[in-house]
Amino acid sequence: MRKLFISCAAAVLAFGLSVPAHATTLPFSGTLSVILATLPPIATVASGSGNVTISGGNITAITLAGGTFSTSVVIPITDPAAAPITQIAATVKNGAGNFAITGANINNNFVTNLTGVGDGPMGVGGVAKVGLFPGPLANLSVPFTSGGVNGTGLGGNLVTASGFGIGVSVRGAPWTTGTASIGTATAMGFVSGNTVTLVSPTFISTTIGASAVLPAFAVLTLQFVPEPGTLLLLASGVAGLAVLGRKRMSK
């Protein structure tokens, strides 16, 4: 009897949560973080609304406006092994994004270009100013993207900066809800109902000994507010479950 009740309950809830595929606009809250190796994340929090496609109760596509996330931060570098780098002053701003949530994986290593099928491109604009000894005027400016085509969140090889005897290059990749990896460093995306986390790996190489290889990841998490209609369907499913339970208990 208990197994029959559980099976019926699952059927009622599945029916209550079954929603035809459709496009809509939903409010959300979320974070965009850029993680450079082991440094503290460059993170910004924002809320707004995005165009989404919903199928089977899950979000399957997202369109996000550019400039939704934006921040500036200064990260002091105290590790002597990172010399002559003394600080990184970064600005971060997302470009427009259009994602088809497929769960594809991007797996990369240190010796090959970052390639693979992702869930979609969205450039992470802004620049990282790498402060070098002996003073704040000795900076290398390293853009995260170039021309809206190459760089973090987009893909492609981007030679970004050189000067003071130092060279820096960046290779980006599209976003994914799967697992992105650079060598042994990994970041995982996922999609569950109205919550989506996308990751984009970025390979940074320099001519500075201890910092010759810097794995980096951009991480975007969006939590959408469910549609009122979806909530009503959920309520109807729960109500049907309660009625079914009472009928089973009375027998």
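Predicted model only: the values in this text are computed from it and were never measured.

Draft legend 1. Structural context of the overall build of the chain. In terms of helices and strands, the chain carries 2 helices and 18 strands. The proportion of buried residues among the 251 residues of the chain is 41%. For the chain, long-range pairs separated by at least 24 residues make up 61% of all intrachain contacts whose partners lie at least 6 apart in sequence. As presented, the chain carries roughly 12,200 Å² of accessible surface, and 64% of it is formed by carbon and sulfur atoms.

Draft legend 2. Examining the nonpolar core more closely. Counting residues in each nonpolar core, the largest one holds 44 residues, and the members touching the most others are Ile 62, Phe 69, Phe 99, Trp 175, Leu 220 and Phe 224. For Phe 224, the contacting residues outside a window of four places in its chain are Leu 26, Pro 27, Phe 28, Gly 50, Val 52, Ile 59, Ile 62 and Asn 194. Residues Ala 180, Ile 182, Val 199 and Val 219 belong to the second largest nonpolar core, which totals 7 residues.

Draft legend 3. Geometry of the packing of aromatic side chains. According to the stated counting rule, one finds 2 aromatic pairs in the structure shown. On the basis of an interplanar angle of 80° and a centroid distance of 6.4 Å, the ring pair of Phe 99 and Trp 175 is categorised as edge-to-face. Residue Phe 99 is found in strand E6 (residues 97-100), and its partner Trp 175 is found in the loop between strand E13 (166-172) and strand E14 (179-182); the two are separated by 76 residues along the sequence. With respect to burial, Phe 99 and Trp 175 carry one shared label: buried.

Draft legend 4. A look at the sheet that holds strand E8 (residues 124-132). In space, the 4 strands of this open sheet follow the order E4-E5-E8-E9, with antiparallel pairing throughout. Every interior strand has two partners, whereas the edge strands, strand E4 (70-76) and strand E9 (139-143), have only one. Strand-to-strand, the axes of this sheet are offset by a mean angle of 15°, without reference to chain direction. Pairing of E4 with strand E5 (residues 85-94) involves 7 bridges; the strand directions are antiparallel. Each residue of the ladder has a partner; that of Val 73, found in E5, is Ala 90.

Draft legend 5. Region of interest: the pairing of E5. Bridge count for E5 against E8 is 9 bridges, and the pairing is antiparallel. Counterpart to Ile 88 in the pairing with E8 is Val 130.

Draft legend 6. The arrangement of unusual backbone geometry in detail. Unlike most non-glycine residues, Ala 37 shows phi in positive territory, near 50°. Summarising the element assignment, Ala 37 is placed in the loop between strand E1 (22-36) and strand E2 (42-55).

Draft legend 7. Local environment of the environment of Ile 85. Topologically, Ile 85 is positioned in strand E5. Take Ile 85: its relative accessible area is 14%, and that puts it in the buried class. Along the sequence, Ile 85 and Val 130 sit 45 residues apart, while their C-alpha atoms lie 6.7 Å from each other. With residues up to four places along the chain from it excluded, the contact list for Ile 85 reads Ile 77, Val 130, Gly 131, Leu 132 and Ile 208.

Draft legend 8. Representation of the environment of Gly 56 in the model. Inspection of the secondary structure puts Gly 56 in the loop between E2 and strand E3 (58-64). In sequence terms Gly 56 and Ala 21 are 35 residues apart; their C-alpha atoms lie 6.8 Å from each other.

Draft legend 9. Focus on the side chain of Thr 44. Following the sequence through the fold, Thr 44 ends up in strand E2. Judged by its relative accessible area of 7%, Thr 44 is buried. Here the side chain of Thr 44 touches Ser 70 through a polar contact of 3.2 Å, landing on its backbone oxygen. Dropping the residues within four chain positions of it, Thr 44 is found in contact with Gly 30, Thr 31, Leu 32, Phe 69, Ser 70 and Thr 71.

Draft legend 10. Broad picture of the environment of Phe 69. As for its position among the elements, Phe 69 is in the loop between E3 and E4. Taking the C-alpha atoms as reference, Phe 69 lies 8.9 Å from Gly 30; in sequence the two are 39 residues apart.

Draft legend 11. View of the confidence of the model for the chain. Mean pLDDT over the chain works out to 76, with 73% of the residues at or above the 70 mark. Confidence drops under a pLDDT of 50 for residues 1-17, and excluding neighbours within four residues, the segment shows 20 contacts in the predicted structure. A low-confidence stretch, residues 230-244 stays under pLDDT 50, and its non-local contacts, those more than four residues away or across chains, total 18 contacts.

Cut-offs used in this document
Residues numbered from 1 in each chain as written. Predicted model: local features only at pLDDT ≥ 70, side-chain atom pairs only at ≥ 80, totals over all residues. Heavy atoms only, no water. Helix = DSSP H or I, 4+ residues; strand = E, 2+ residues; numbered from the N terminus. Buried < 20%, exposed > 50% of the residue type's maximum accessible area, 1.4 Å probe, protein only. Contact = heavy atoms within 4.5 Å. Areas by Shrake-Rupley, 256 points an atom, 1.4 Å probe, with all protein chains shown as cover. Core = buried A, V, L, I, M, F, W, Y, C linked by side-chain atoms within 4.5 Å. Phe/Tyr/Trp six-rings, centres within 6.5 Å; stacked < 30°, edge-to-face > 60°. Pairing = 2+ DSSP bridges. Axes fitted to C-alpha atoms, helices over the stretch in contact; angles between N-to-C directions. Polar contact = N/O pair within 3.5 Å; in protein donor to acceptor, adjacent residues only side chain to side chain. pLDDT = per-residue confidence, 0-100.

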